[in-house]
Amino acid sequence: MSSALDILAIAAHRDDVEQTCGGTLRKMAEHGHATGILDLTRGEMGTRGTAKEREAEANEAARILKVSWREALDIPDARVENTWENRLKVAAVLRKTRPRVVILPYWLGRHPDHYTASTLGYEACFLSGLAKLPLKGKPHRPFKIVYASLYHDVRPSFVVDITAQFEARLESIYAYKSQFTDQDAGREDFPAQAHIRERVAAMARFYGALAGVQYGEPFVQKEVDLVADLPAIPVKSI
Ligand SMILES: [Zn+2]
């Protein structure tokens, strides 16, 4: 790793980032920011595909999203736990990649790996800044943490306009061929391939409409925003 990342997205499973904030990552890369993805698990418990197949798919998705750094930790799939050991594993990555912004999953949801990854990621961001932490590398605490909230029905704090990145984001999801091509395994849980575009577009259209653009990705932040110039606020009221 030669230089620091501007933005690091952390998620439980390969393909989570693509589904929740892939358009945003691609847009930030187009703006010249260095972006990265840390997947906490390798997908060995998934109904479809092997961990090896998913690694190749994840690398292809990263290429499509113009992400410059991607790694997966060895935390067991379907057993993401907020332990000291796991917090240190994530903190080590934060010290290595030194992101200014970290994107975490939203802290509520259906899948335990997702909401646990949120708390685990937050606490690792805190620990990583402690000088006396028994961990090599220079202390680093991200300046900003935002939560990608697309998996959960919550009103976002803000939306990123991904209209121009929508097709690339869809392509990055299709890169997970082991997950999203039609097959018998997991038929109950996975949408038919023909329905994926409609589902992804409907969600993106909904969040885009909240902010007056075609397609958007939703985020929650815990802090209140600071406004310097009222006439420059981009979202219209009436
Ligand atoms: Zn997931």
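Now for a look at the structure at hand. It should be emphasised that the depicted structure is a prediction, and the values quoted were computed from it without experimental measurement.

### As for the overall build of the protein chain
- Along its length, the protein chain carries seven helices and seven strands.
- Secondary structure elements of the protein chain, listed N to C terminal, follow the sequence β-α-β-α-β-α-β-α-β-β-α-α-α-β.
- Since a compact globule built from 238 residues should have a radius of gyration of about 18 Å, the 18 Å found for the protein chain is in line with a globular shape.
- If one aligns the C-alpha atoms of the protein chain with their principal axes, the spans along those axes are about 55 × 50 × 30 Å.
- Counting every position in the protein chain, which comprises 238 residues, the buried fraction comes to 47%.
- Long-range pairs, those at least 24 residues apart, make up 80% of the contacts in the protein chain between residues at least 6 apart in sequence.
- For the protein chain, the accessible area works out to roughly 12500 Å², and carbon and sulfur atoms hold 54% of it.
- Charge centroids of the protein chain, computed over 32 positive and 31 negative side chains, lie 6 Å from each other.

### Notes on the coordination of the zinc ion
- Distances from the zinc ion to its protein donors, namely His13 (ND1), Asp16 (OD), Asp16 (OD) and His114 (NE2), fall within the range 2.1 to 2.5 Å.
- Given four donor atoms and angles of 56 to 130° at the metal, the environment of the zinc ion is assigned as irregular.
- Sequence spacing among the residues donating to the zinc ion works out to H-x2-D-x97-H.
- When its relative accessible area of 5% is taken as the criterion, Asp16 is described as buried.

### Let's talk about the packing of helix H1 (residues 16-30) against helix H5 (residues 166-174)
- Two numbers describe how H1 lies on H5: the axes approach to 9 Å, and their chain directions differ by 135°. Viewed along their axes, H1 and H5 adopt a mutual orientation that is oblique. Crossing geometry of H1 relative to H5 is assigned as right-handed. Taking contact as the criterion, the partners of Glu18, Gln19, Thr20, Gly22, Gly23 and Arg26 in H1 are, on H5, Ala168, Arg169, Ser172 and Ile173.
- A per-class count over the contact of H1 with H5 returns two nonpolar, five polar and three charged.

### Digging into the sheet that holds strand E7 (residues 216-220)
- Reading across from one edge, E3-E2-E1-E4-E5-E7-E6 is the order of the seven strands in this open sheet, with mixed pairing throughout. Edge positions in the sheet fall to strand E3 (69-72) and strand E6 (158-161), since each has one partner strand and no second. Geometrically, the sheet is characterised by an average inter-axis angle of 25° between neighbouring strands, direction not taken into account.
- Where strand E1 (residues 7-11) and strand E4 (residues 101-105) come together, three bridges link them in parallel fashion. Note that in E4 the partner of Ile7 across the bridge is Val101.

What counts and how
Residues numbered from 1 in each chain as written. Predicted model: local features only at pLDDT ≥ 70, side-chain atom pairs only at ≥ 80, totals over all residues. Heavy atoms only, no water. Helix = DSSP H or I, 4+ residues; strand = E, 2+ residues; numbered from the N terminus. Rg over C-alpha atoms; globule rule 2.2 N^0.38 Å. Buried < 20%, exposed > 50% of the residue type's maximum accessible area, 1.4 Å probe, protein only. Contact = heavy atoms within 4.5 Å. Areas by Shrake-Rupley, 256 points an atom, 1.4 Å probe, with all protein chains shown as cover. Lys, Arg positive; Asp, Glu negative; His and termini not counted. Charge placed at Lys NZ, Arg CZ, Asp CG, Glu CD. Donors = N, O, S within 2.8 Å, 3.2 Å for Na, K, Ca; no water. Tetrahedral: all angles 85-135°; square planar, octahedral: opposite > 155°, others 65-115°. Axes fitted to C-alpha atoms, helices over the stretch in contact; angles between N-to-C directions. Parallel < 35°, antiparallel > 145°, perpendicular 65-115°, else oblique. Left-handed = near helix turned anticlockwise from the far one by under 90°. Nonpolar A, V, L, I, M, F, W, Y, C, P; charged D, E, K, R; others polar. Pairing = 2+ DSSP bridges.

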